[in-house]
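Chains, contacts and geometry: an overview
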Amino acid sequence: MLLTLADYEVAANDALDSAIASFLADGPGSSRAVHRNRDAFQRILINPRRFVDVGRVSTTTTVLGREVSCPVLIAPTGLQQLAHPDGELATARAAARVGTVAPAAALATYPVERIVEESRGAPVWFQLYDYGRKQVDALLARAEAAHCSAICVTVDVPRRARMREHDRRNGFRPTSRVPLAHFDGSAPPEVRPVLLPTLERICATTSLPVVVKGVLRTEDAHLAVGAGAAGIIVSNHGGRESGSAPAAIDALPEIVDAVGGRAEVFLDGGVRTGDDVVKALALGARAVLIGRPSWWGLAVAGEDGVADVLSILREELVETLAHAGCADVADLDRGFVRTEGPQ
Ligand SMILES: Cc1cc2nc3c(=O)[nH]c(=O)nc-3n(C[C@H](O)[C@H](O)[C@H](O)COP(=O)(O)O)c2cc1C
């Protein structure tokens, strides 16, 4: 029975080729930052309120001005046909069914136009890296023409990653297995570090709100907001870039304070339960994003699997909110969390 995201993880590992399962799960440095994201959530407790009517609990909110049924979005991930032949199209359909944001990554295996079509009016964020001015401008224009609702600039990949150790051990080259729809099926151009003038130029060029993904330090949050970002995703890329990166949830509160309401702050990395969603929102996130869990759903049952993963999280969120004595996600604040032991 698939009752939790942990059940989906087990089932996905059975369904996927072992090299793909390892590509999905692991990170550099013995996956320490992958585990750190999860462990950090366990150290945070939910501090419940009493005398609150939780007969009705609302999970509806807005992100960048668009209504979503639940503050759980799908994180941008490329190469989704590695998990299921319908890849990004299935993910977009599932997000639309549940009423949340679907991503279209530059490294998607289906083109952004088709992803937007399958999302049936639900917001689609187009994610890109810095591939150089010409490519970036072409991708921005394409995303706008396709009616994406936001641009997500990922700033935590300063160069094409050396093949990760687990992939090297498995002799696994992910980009050689599936088509790259935005790069004529061929290898993508070299990734460069996103520098401030580039971010400023992207913010000034596009008519869409820009979300900066991969911020872990307050000064970078200030710089991103100063450059014109409408949103910041606090993220260590799911622990896939550095084994020594801090847990995203640990970095969240100081970044929320630094941003001070000038932009919406999101979090990804290790979100697996409704409790995790409540903790992140209580610490100031507008919404969270899930990366690997969407692949688990895809691998197990395509569109239905991703929709079920999102629905499980939403049901758990309702349950957690009720037990926390909070009738609306908008009412979550830091009073709802504490760390273990006497304060
Ligand atoms: C298989 C895979 C592919 C990913 N591809 C991208 C990508 O193309 N662009 C990007 O910004 N982040 C990418 N990410 C990172 C996710 O957007 C997200 O930050 C991360 O998965 C969140 O952590 P979680 O998997 O613990 O939920 C990828 C993650 C995974 C697992």
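That block above? That's the structure.
Now for a description of the structure that goes with this document. Keep in mind the model is a prediction, meaning the values are calculated, not measured.

Turning to the environment of Ala11, a few remarks are in order. Considering the arrangement of structural elements, one finds Ala11 in helix H1 (residues 5-15). Among residues more than four places away in sequence, those in contact with Ala11 are Leu2 and Val300.

Our focus in this paragraph is the nonpolar core. Counting 109 residues, the largest nonpolar core has Phe126, Ile151, Ile249, Leu252 and Leu267 as its most contacted members. With 13 residues, helix H12 (residues 292-324) is the largest single contributor of residues to this core. Setting aside residues up to four positions removed in sequence, Ile249 forms contacts with Ala40, Phe41, Ile44, Leu267, Ala280 and Leu283. Ranked by size, the runner-up nonpolar core spans 13 residues in total, among them Ala75, Ala150, Val211 and Ile233.

Within the secondary structure layout, Thr206 lies in the loop between helix H8 (196-205) and strand S8 (210-215). Among the residues examined, Thr206 registers a relative accessible area of 7% and is labelled buried. Here the side chain of Thr206 touches Glu144 through a polar contact of 2.7 Å, side chain to side chain. In this structure Thr206 touches Glu144 and Ile151, once residues within four positions along its chain are discounted.

The ligand sits among 23 residues. The nearest are Pro76, Tyr129, Thr154, Asp268 and Arg272. Residue Gly270 places a main-chain N or O atom 2.9 Å away from an oxygen atom belonging to the ligand. In the model, an oxygen atom of the ligand is placed 2.9 Å from a nitrogen or oxygen of the Gly291 main chain. Taking 600 Å² as the accessible area of the ligand by itself, protein coverage stands at 97%. Elements supplying a minimum of two residues to the shell around the ligand: helix H2 (18-25) and H12. Residue contributions to the shell around the ligand peak at three residues, all from H12. When the residues that make up the shell around the ligand are grouped by side-chain class, the tally is eight nonpolar, 10 polar and five charged.

Take unusual backbone geometry next. Even without being glycine, Phe51 reaches a positive phi, approximately 60°. Within the element layout of this structure, Phe51 appears in the loop between strand S1 (44-46) and strand S2 (61-63). Positive phi outside glycine occurs at His237, with the angle close to 65°. Topologically, His237 is positioned in the loop between strand S9 (231-234) and helix H10 (248-259). On the basis of relative accessible area, His237 is assigned to the buried category, the value being 13%.

Our focus in this paragraph is the sheet that holds strand S10 (residues 264-268). A sheet is described by the order of its strands in space; here eight strands give the open sequence S4-S11-S10-S9-S8-S7-S6-S5, paired in parallel fashion. Both edges of this open sheet fall to strand S4 (72-74) and strand S5 (102-105), since each of them pairs with a single strand only. For this sheet the average axis-to-axis angle between neighbouring strands, irrespective of direction, equals 30°. Sheet topology note: the S5/strand S6 (residues 124-128) ladder contains four bridges and is parallel. The residue of S6 that forms the bridge with Ala102 is Val124. Most of the contacts of helix H6 (residues 133-145) go to S6, to which it runs at about 175°, and overall it touches S6 and strand S7 (150-154).

What follows is about the environment of Ala287. For Ala287, the position within the fold is in strand S11 (residues 287-290). For Ala287, a relative accessible area of 0% gives the class buried. As for Ala287 and Gly243, which are separated by 44 residues in sequence, their C-alpha atoms are 25 Å apart. When sequence neighbours within four positions are dropped, the list of residues in contact with Ala287 reads Val63, Pro71, Leu73, Val265, Phe266, Leu267 and Leu281.

Glancing now at the pairing of S6. Buried residues dominate S6, accounting for five of its five residues. Traced from S5 through helix H5 (residues 112-118) to S6, the parallel crossover comes out right-handed. In the sheet, S6 pairs with S7 via four bridges, with the strands oriented parallel. Along S7, the bridge assignment pairs Phe126 with Ile151. Following the backbone out of S6, through H6 and into the adjacent parallel S7, one traces a crossover that is right-handed.

Before going further, it helps to examine the packing of helix H11 (residues 274-282) against H12. Each pair of packed helices gets described by two things: the angle between the helix axes and the distance between those axes. At their nearest, the axes of H11 and H12 sit 7 Å apart, and the two run at 65° to each other. Judged by the twist between their axes, the crossing of H11 over H12 is right-handed. For the pair formed by H11 and H12, the contact residues are Gly274, Asp275, Val277 and Val278 on the first element and Leu313, Glu316, Leu317, Thr320 and Leu321 on the second. Residue composition of the contact of H11 with H12, grouped by class: five nonpolar, two polar and two charged.

Analysis parameters
- Residues numbered from 1 in each chain as written.
- Predicted model: local features only at pLDDT ≥ 70, side-chain atom pairs only at ≥ 80, totals over all residues.
- Heavy atoms only, no water.
- Helix = DSSP H or I, 4+ residues; strand = E, 2+ residues; numbered from the N terminus.
- Contact = heavy atoms within 4.5 Å.
- Core = buried A, V, L, I, M, F, W, Y, C linked by side-chain atoms within 4.5 Å.
- Buried < 20%, exposed > 50% of the residue type's maximum accessible area, 1.4 Å probe, protein only.
- Polar contact = N/O pair within 3.5 Å; in protein donor to acceptor, adjacent residues only side chain to side chain.
- Near = heavy atom within 4 Å.
- Areas by Shrake-Rupley, 256 points an atom, 1.4 Å probe, with all protein chains shown as cover.
- Nonpolar A, V, L, I, M, F, W, Y, C, P; charged D, E, K, R; others polar.
- Pairing = 2+ DSSP bridges.
- Axes fitted to C-alpha atoms, helices over the stretch in contact; angles between N-to-C directions.
- Right-handed = clockwise from strand over helix to strand, strands pointing away.
- Left-handed = near helix turned anticlockwise from the far one by under 90°.

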